[in-house]
Amino acid sequence: MILSCGEALIDMLPRTSTGGEPCFAPYAGGAVFNTAIALGRLGAPSAFFSGVSTDMLGEILADTLTASQVDTRYLSRSDRPTTVAFVKLVNGQATYAFYDEGTAGRMLSPADLPVLGTEVSTLFLGGISLVNDPAAGTYEALQAREAASRVTMLDPNIRPGFIAGKETAYRARIERMIALADLVKLSDEDLHWLEGPGDPGALARGILARGPRAVFVTEGARGARAVTATQDRFVAATPVTVADTVGAGDTFNAGVLAALHRAGALTKARVAALTAEELDAALTLGTRAAAVTVSRAGANPPWAAEL
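Below: a short report on this structure. The structure displayed is predicted, hence computed values, not measured ones.

Looking at the overall build of the protein chain
- Secondary structure assignment for the protein chain yields 9 helices and 15 strands.
- If you line up the protein chain on its principal axes, its C-alpha atoms span 55 × 45 × 40 Å.
- Counting only residues that meet the buried cut, the protein chain has 55% of its 307 residues in that class.
- Counting only contacts in the protein chain whose residues sit at least 6 apart along the sequence, the fraction spanning at least 24 positions is 70%.

Spelled out as structure tokens, the structure:
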């Protein structure tokens, strides 16, 4: 089972009312939540851990997980409010305004960490949940506790506006978590934020030298690459008419993990020796699934049958 650990929130997406007025519609979301949903829809054994409210919006989140075949046994429920993010779309590109103070997700503490069963082989972590304490420190502590015996994958999904004023502490946390992770995924924008200008392949090898076994880099409409100690693979993006990019990277992550699960490669030993064929399969499923997500509004990952 793949346990996605991180934020769950309500995305308020811009719409037009029946009266022609601008408005916002609520959609279940959050980067890590989206990955859990996409994994469930792709047929991988998926579970989710986060602080989730018992309020009306929290019930939307829990019900959405169940509807996408995601195991909810590890949720930490509380009566704190749900995080809300208002989304602005310009030419299909999303920017966000987050409302996160005192929420169920933000206030997650080490005391809320679950005892994981043997069915959990892999942890996926990342997103804005790694920015603000106490939740950020809680997820980092979970990775540190489990990294020796379970595969961990990290996608920081960096939001510069959300981390403004906290860059030093945030960068230090991401560096520590990269060093512990078996798999790291970064968009090309994330990679340049961390490493500065340069060729994505060369920068990915710099990340690889810090400890991960494989680094995946998404390069937008070009495609995605995977770099290991012995491999440098690239798969072109699937051409598609873009509705918006919400959830694209999250779905890519799920495709990578689902493909590695199918190959029996989600063990500490196997991720250390991924073959070219396994990396190509992971990149292909990731890019194909992400193409479906960007072709429709909001974070709406595909079911396996759609591929």
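A word on the side chain of Arg173
- Mapping Arg173 onto the fold places it in helix H4 (residues 167-180).
- What makes Arg173 buried here is its relative accessible area of 8%.
- Among residues more than four places away in sequence, those in contact with Arg173 are Leu130, Val131, Asp133, Ala136, Gly137 and Glu140.

Observations regarding the sheet that holds strand S3 (residues 22-29)
- One open sheet accounts for 4 strands, arranged S3-S2-S8-S9; its pairing is mixed. Strand pairing shows two members of the sheet lacking a second neighbour, S3 and strand S9 (93-99), which therefore form its edges. Each strand of the sheet is rotated relative to its neighbour by a mean of 30 degrees, with strand direction disregarded.
- Direction of pairing for strand S2 (residues 9-16) relative to S3: antiparallel, over a ladder of 8 bridges.

Thoughts on empty space enclosed by the protein
- Taken as a whole, this structure holds 2 cavities of 30 Å³ or more when the rule is applied.
- In this model, the largest cavity occupies a volume close to 120 Å³.
- In this structure, the largest cavity is lined by 14 residues; those nearest its centre are Glu7, Asp100, Gly105, Arg106 and Ser129.
- Residues of the lining of the largest cavity, tallied by class, amount to 5 nonpolar, 6 polar and 3 charged.
- By volume, the second largest cavity is sized at about 40 Å³.
- Lining the second largest cavity are Ala8, Gly51, Val52, Ser53, Leu61, Pro81, Thr82, Thr83, Ala104 and Gly105.
- Partitioning the lining of the second largest cavity into residue classes produces 5 nonpolar, 5 polar and no charged.

A short note on the nonpolar core
- One finds Phe33, Phe48, Leu183, Phe216, Leu257 and Leu260 to be the most contacted residues of the largest nonpolar core, which totals 45 residues.
- Breaking this core down by element, the ones donating at least two residues are S2, helix H1 (31-41), helix H2 (56-67), strand S11 (151-155), strand S13 (214-218), strand S14 (223-227), helix H7 (248-262) and helix H9 (276-294).
- Counting residues per element, this core draws most heavily on H7, which supplies 7 residues.
- Ile158, Ala181, Val184 and Val227 belong to the second-largest nonpolar core, a separate cluster that totals 40 residues.

Side note on the side chain of Glu278
- Structurally, Glu278 is set in helix H9.
- The exposure class of Glu278 is buried, given its relative accessible area of 14%.
- Looking at Glu278, its side chain comes within polar contact range of the side chain of Arg270, at 2.5 Å.
- Ignoring sequence-local partners within four residues, the contact set of Glu278 consists of Leu260, Ala263, Arg270 and Ala273.

Here's the deal with the layout of surface pockets
- By volume, the largest pocket amounts to about 1200 Å³.
- Around the largest pocket, the lining comprises 47 residues; the ones closest to its centre are Gln93, Ser187, Thr245, Ala248 and Gly249.
- Those elements giving two or more residues to the lining of the largest pocket turn out to be S2, H1, S9, strand S12 (183-187), helix H5 (188-195), S14, H7 and H9.
- At 5 residues, S9 tops the list of elements feeding residues into the lining of the largest pocket.
- Each residue belonging to the lining of the largest pocket can be placed in one class, and the counts come to 23 nonpolar, 15 polar and 9 charged.

Thresholds applied
Residues numbered from 1 in each chain as written. Predicted model: local features only at pLDDT ≥ 70, side-chain atom pairs only at ≥ 80, totals over all residues. Heavy atoms only, no water. Helix = DSSP H or I, 4+ residues; strand = E, 2+ residues; numbered from the N terminus. Buried < 20%, exposed > 50% of the residue type's maximum accessible area, 1.4 Å probe, protein only. Contact = heavy atoms within 4.5 Å. Pairing = 2+ DSSP bridges. Axes fitted to C-alpha atoms, helices over the stretch in contact; angles between N-to-C directions. 1 Å grid on protein atoms, 1.4 Å probe; cavity = no way out; pocket = protein on both sides within 12 Å on 5 of 7 lines; lining within 4 Å. Points joined across faces, edges and corners; volume = space filled by probe spheres on them. Nonpolar A, V, L, I, M, F, W, Y, C, P; charged D, E, K, R; others polar. Core = buried A, V, L, I, M, F, W, Y, C linked by side-chain atoms within 4.5 Å. Polar contact = N/O pair within 3.5 Å; in protein donor to acceptor, adjacent residues only side chain to side chain.

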